[in-house]
Amino acid sequence: MTSGGPVARLGGVGLSYGKVEAVSGVTLDVPAGCMAGLIGPDGVGKSSLLALIAGVRVIQRGTVEVLGGDMARRDHRRAVCPRIAYMPQGLGRNLYMTLSVRENITFFGNLFDLRGEERTRRVDELMAATGLAPFADRPAGKLSGGMKQKLGLCCALIHDPDLLILDEPTTGVDPLSRQQFWKLVGRVRARRAGMSVLVATAYMEEAERFDWLAAMDAGRVLATGSPAELMARTGTADLDAAFIGLLPEERRRGHQAVVVAPWSGDAADVAIEAKGLTKKFGAFTAVDHVDLDIRRGEIFGFLGSNGCGKTTTMKMLTGLIEPTSGQARLFGSPVDARSIESRRRVGYMTQSFSLYGELSVRDNLMLHARLFHIPRERRAARVAEVLDHFGLAKYAADASGDLPLGIRQRLSLAVAVIHDPEMLILDEPTSGVDPVARDGFWRLLIDLSRNRGVTIFISTHFMNEGERCDRISLMHAGRVLACDAPAAIVEAHGAASLEEAFIDVLRGSMGEGESEGEIPVAEAGAASDGGAGRRFNPRRMFAFMGRELREVLRDPVRLVFSLLGSVILLLVLGYGITFDVEHLRFAVLDRDDSPESRDYIYNMSGSRYFDRQSPIRSTAGLDRRMADGELAVALEIPPDYGKDLRAGRDVTIGVWIDGSMPFRGETIRGYIEGLHAQYLKDLTLRSTGIAAKSSAAGIQVRYRYNQGFESLYAMVPAVLPLLLVFIPSILTALGVVREKELGSITNVYATPVTRLEFLLGKQGAYVLVSMVSYLGLMAVSVFWLGVPLKGSFVTMTLAALVFVSATTGLGLVFSSFVRTQVAALAGTAVITLLVTVTFSGLTTPVASLQGPGSVLGQLFPMSYFITISRGLFTKALHFGNIWPDFLKMALFVPVYTLASALLLRKQEK
Amino acid sequence: MNRRLLNVYNLGIKELRSLWRDKVMLLLILWVFTGGIYTVSKAASQELHNAPIAVVDHDRSVLSERIVQSFYGPYFLPAERIDAAKEDAGLDAGRYIFVLDVPPDFEKDVLAGREPDVQVNIDATSMSQAFIGAGYIQNIVLGEVNAFVAGKRESADPVIATEAHVKFNPNLISFWFGSVMELINNITMLSIILTGAAVVREREYGTLEHLLVMPVDAIEIMLAKVWSMSLVVLAATAMSLELVVKGVLGVPVAGAVPLFLLGALLQLFATSSIGIFLGTVARNMPQLGLIMILVILPLELLSGGVTPRESMPRAVQMVMEVAPTTHFVALAQAILYRGAGFSIVWPRLLAILAISVGFFAAALSLFRKSLARSSG
């Protein structure tokens, strides 16, 4: 079967995550041109090994040779990258959920430098061949699990790889889809004889059909060979048993076939009862008149394809969703989501891992033990018991999010039973869990059911699990197709196994919907080099840019906020922030109350700067009202003010200024001095008839650029740059981290796209969005707020373009080294707010800054753009005046982009 | 103990543990409450500081020379003597904020009693400096001129003098103000980010749904987030106030710190409710980021912590009455700078409390609704 040398050759490969050794000393030759499989429990290093072979992960120890070259070498990785296709674990993990089926495939085509007609042809052919053509315009996020995997395969096949790496591609997919998936892979291989396929799988019945297998356990390879060889070596009849036979003695101990004692309960004692249960989401009927009755102590299985309504039904039975019609009863009383009591009687395990990944295994259990109010004295014992029972003791201190899927699922179950519920509702609890662990899991369930009388309602994809149930119901498209004991169903369909019976039932209800189109193969010579040769390929950059733009356009909230957010803020801040100090509240402690003192007070009250408040009665009142913040200024006119004045004696008026806001205090002092001087002049004029010469010279003040001294004119040119910082940088910061968190970053690792193409593509999209927002800002500034742009609009737009390129670049820098969206969000918000509001000349000219602030101010592009914006708005400057600032600002663009390219990794570490 | 209280306590502990694991976030919190406050309050000031000034001297006399020499720190940088031709370019480029123009024969005219004018050109794009600077320049120039002519001419005796006392911050030191206002900004921002992100993250990871099948309800989940995140921020605030503001920066705090912290606690109750509200409205992290900026910026800039509230348009003032930060800023200023006690600030405390309850109720109702919807 194998031809030529191995497609991948591993020598002494080791890989550790922190202190945990995932792979140790693996030496392995994977034969070329055949179906090769990695089998073994979860967390034994299968995925890590595949990632190393795909070049997605950094090699820590040992050598990895793929397609005849060393994967540790960057040039080799570049060269072979277009010949490898990698589909990571998890349903549609490398797909973009907001993009349609066609857009996803086209996107991958672009990454591999397929062009124009050829690309369109291949996309069409792939969709036809996989039966996805009718769903071409449906977003990937709305596909069923099976369809997502088919789409993932299309995306992987678009560039005709020589090595196809599939990491658990059928985990969590229903049997019909699974069958179709493998047929598809078989057809691909039939067309492309030389292609090697390397698969990791947890389904032993799938692995039985492979040409070559490597059985793995605890980071090591146990044995290699064809399935027949492995079975012969262990003297077993099926691969499940063979694998267990290969395990070292201590792992095998205690393992035996799962035996289910027959259920012997009262058929009339019903635990769950559903009648005509229906749920509609808009026009879509998710669950259509489902009737169920589950008896106390029974194990009831729920089998069905993805998206057929199993989860929705289970949620209605737990009270998480209100049914549209029909009713559900739990232990004889209607399901009530608010009933805390019924929640205590039911343990529920959701489909996806939904525990706190950042908490340790023990902390998760303790938290739930507390939430279910297990008394303190029993709590620790109960947690220890559960840890032991579920084989979690050795992981107790590990963060649960870092554990392999199988162990996380075990933890989920442990959490669901921590409070000894009478009923367990388990939504696909064994998806992705290996056979040994699954058998262990089932032994636990059987024990709970038979010995403790717990009713178990479980949904699953595994037929052998279905066979263990007392009764099962087969569900499809929201309807229950069959409901009986497994043996009875098999018999009724005259099938050999439950899987056959199920596929038969599904076919019967769907009709023969499978397509058998030709899998396209590029004509010889027509295939490009996949773009590996060129360093920078604008096509790939535009692919990322287009993808990003589509995502923004399809998220109305993001679109509206990124476009209008700035405009709204401009209005709020433009009107709200003002440096005019007016309406200052002042009051007088008039100890004299003479015509002269009232005259002085009258003079103050006439000013537009001051609003007079009720008079102050005493010194204590003055202190209190100033401490309260009610008064900004207080005047104290001494006793006998009028008398002394008339007698020509010097008098002094006490002025108390609230200095808690220094700049306001400063301004108040200025006002008081001015008003006082004016008063003296007037007084002399009134008494002597001649204007007093208070000084030998005069001062003529001219406020330039803003003759009216209006706050708006000063604020708008400064707020504009501020707004072009926040939203653009936050948008890009989340752009990259989001892909890291959601997993699609794998596409950067696994395809020939370079870091620069990826980053510039992302940035380009947000520069475009931000420029639209900029135009909105300008329109509002000029036409609504009426702040004229005295300089050239073209220069301003050009400067804004450069500035936005810099600020989006700043966001990229953050997102390149931060791991979580929260950190990216907080980091960007803190730094940009800090730098912009304080250090960039918004309130204080950069020239006046001192200390670290002045350095910080220079290190970010904001200060330059504020100068440019002010210059163009108020000073009618042109490019000839501003070019030094323009150049400095432009310098930030390549610096930021390069910094993010250096910080971003092309491989996972 | 009461079952509900226990749940709230346990869920809150869970939040704290999660936060403890997020080292980046912890570092960030540490930075904004220490280094962040220090840099911001030391660097920026809205009053006049090291303002660049230039003089175009057409007179070249003893008096004009004296005027040139009379500008020095901390308000002004030493004045530069420039050509008339460079005046516009210098102002255009923002090199100078003030340019004085001393006319020819200025000294002669002064001595002859012709009252010549010195022209001051001011770049009014930075308004606060422009205005305050104009006042200083007037005082400085006239002071020099009057001193120069003193004895040579007789000036009118002023009969009325003012004696200005600046209360609470006699030397008008800007970082006394800036440090505390930055502290308040951080309280607002972090409490909103922390709770908002906590809600969105739980939804994105599906743990929110998981909580709903537990015997806990929405109000417990929410209260747990509110108390735990408030505790973190409150502890950071107290530490920052003692160590950074009072310690390193040496800002004299007039009033009772516990009273201020009580206010901060109420404020946190309100802002973390806002955070939950935003986290519920947003469907994912990018949305939260955008919505947050739109809420935090006005909360910080329009609350009276940056520019005086009384100068804002009436409508803005009215709207900002329902923002907790407005009252908190006023409260903080009253307690920390002016030493106001409970008898003075209680109406503010009451206002924040009322606003908090309002926001909490709104957030709770939305949160409940969204839980009912999101599980679909």
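The structure displayed is predicted, hence computed values, not measured ones.

## Concerning the overall build of chain A
1) Next: A tally of helices and strands in chain A yields 33 helices and 25 strands.
2) Next: Here chain A holds 909 residues, and the buried ones make up 53% of them.
3) Next: Sequence-distant contacts, at least 24 apart, represent 75% of the contacts inside chain A between residues at least 6 apart.

## Observations concerning the sheet that holds strand β21 (residues 584-590) of chain A
1) Next: Strand order across the open sheet formed by five strands is β22(A)-β21(A)-β23(A)-β24(A)-β5(B), with mixed pairing between neighbours. Each end of this open sheet is capped by a strand with a single partner; those strands are β22 (610-612) of chain A together with β5 (160-167) of chain B. Shown here is a sheet whose adjacent strand axes are inclined to one another by a mean of 30°, direction ignored.
2) Next: Pairing analysis gives four bridges linking strand β23 (residues 633-637) of chain A to strand β24 (residues 651-658) of chain A, with the strands arranged antiparallel. Bridge pairing in β24 of chain A links L635 of chain A to V655 of chain A.
3) Next: Each of β21, β22 and β23 of chain A touches helix α22 (residues 595-605) of chain A; the most contacted strand, β21 of chain A, lies at about 180° to it.

## A closer look at the sheet that holds strand β18 (residues 455-460) of chain A
All names here are of chain A.
1) Next: The mixed open sheet is built from six strands, whose spatial order is β16-β17-β18-β13-β19-β20. Each edge of the sheet is formed by a strand with only one pairing partner; in this case those strands are β16 (346-349) and β20 (479-484). Adjacent strand axes in the sheet meet at a mean angle of 15° when their direction is disregarded.

## Details of unusual backbone geometry
Residue and element names in this part refer to chain A.
1) Next: One non-glycine residue, D420, lies in the positive phi region at around 55°.
2) Next: By C-beta crowding, D420 is classed as partly exposed, having 14 other C-beta atoms within 10 Å.
3) Next: In this structure, D593 takes a positive phi of about 55° despite not being glycine.
4) Next: Relative to the helices and strands, D593 resides in the loop between β21 and α22.

## Concerning the confidence of the model for chain A
1) Next: Mean pLDDT over chain A: 82, with 89% of residues reaching 70 or higher.
2) Next: Low pLDDT (under 50) marks residues 523-528 of chain A, which in the prediction has five contacts with non-local residues, meaning those over four places away or in another chain.

## Side note on the pairing of strand β11 (residues 270-281) of chain A
Residues and elements named next belong to chain A.
1) Next: Examined bridge by bridge, β11 and strand β12 (residues 284-295) share eight bridges and lie antiparallel to one another. By the bridge assignment for β12, K279 is matched with V287.
2) Next: The antiparallel hairpin formed by β11 and β12 contains two residues in its connecting segment, where G282 sits at a positive phi of about 60°.
3) Next: Sheet topology places β11 next to strand β14 (residues 325-330); five bridges connect them, and they run antiparallel. Bridge pairing links E273 to R329 in β14.

## Quick notes on the interface of chain A and chain B
1) Next: Contacts between chain A and chain B engage 130 residues on the former and 122 residues on the latter.
2) Next: Broken down by class, the residue content of the side of chain A that touches chain B amounts to 65 nonpolar, 41 polar and 24 charged.
3) Next: As paired elements, β24 of chain A and β5 of chain B share eight bridges and run parallel to each other. Counted as the bridge partner of T652 of chain A is A161 of chain B from β5 of chain B.

## Concerning the domain arrangement of chain A
1) Next: The domain boundaries assigned to chain A delineate domain 1 (6-94 + 162-247), domain 2 (274-467), domain 3 (556-574 + 710-903) and domain 4 (584-688).
2) Next: Computed over C-alpha atoms only, the centres of domain 3 of chain A and domain 4 of chain A are separated by 47 Å.

## Remarks on the packing of helix α29 (residues 793-817) of chain A against helix α32 (residues 862-874) of chain A
Residues and elements named next belong to chain A.
1) Next: Running from N to C, α29 and α32 point in directions that differ by 165°, and their axes come no closer than 11 Å. It follows that α29 is roughly antiparallel to α32 by the angle criterion. Considering only the axes of α29 and α32, their crossing is left-handed. Contact residues: T795, M796, A799 and F803 in α29; F865, I868 and L872 in α32.
2) Next: The residue makeup of the contact of α29 with α32, split by class, is six nonpolar, one polar and no charged.

## Structural notes on helix α11 (residues 257-281) of chain B
1) Next: In a regular helix each residue adds 1.5 Å, so 25 residues correspond to 36 Å; α11 of chain B covers 35 Å between its end C-alpha atoms and thus fits that length.
2) Next: With 18 of 25 residues buried, α11 of chain B lies mostly within the body of the structure.

## Overview of the confidence of the model for chain B
Residue and element names in this part refer to chain B.
1) Next: Of the residues in chain B, 94% reach a pLDDT of 70 or more, and the chain-wide mean stands at 83.
2) Next: Model confidence for chain B, summarised as mean pLDDT per element, is weakest for helix α9 (residues 207-212) at 75 and strongest for α11 at 92.
3) Next: Below a pLDDT of 50 lies the segment residues 153-158, which in the model reaches seven contacts outside its immediate sequence neighbourhood of four places, other chains included.

Definitions and cut-offs
Residues numbered from 1 in each chain as written. Chains lettered and ligands numbered in written order. Predicted model: local features only at pLDDT ≥ 70, side-chain atom pairs only at ≥ 80, totals over all residues. Helix = DSSP H or I, 4+ residues; strand = E, 2+ residues; numbered from the N terminus. Buried ≥ 20, exposed ≤ 12 C-beta atoms within 10 Å, placed from the backbone. Contact = placed C-beta atoms within 7 Å. Pairing = 2+ DSSP bridges. Axes fitted to C-alpha atoms, helices over the stretch in contact; angles between N-to-C directions. pLDDT = per-residue confidence, 0-100. Nonpolar A, V, L, I, M, F, W, Y, C, P; charged D, E, K, R; others polar. Domains from an automatic or database assignment. Parallel < 35°, antiparallel > 145°, perpendicular 65-115°, else oblique. Left-handed = near helix turned anticlockwise from the far one by under 90°. Expected span 1.5 Å × (residues − 1).

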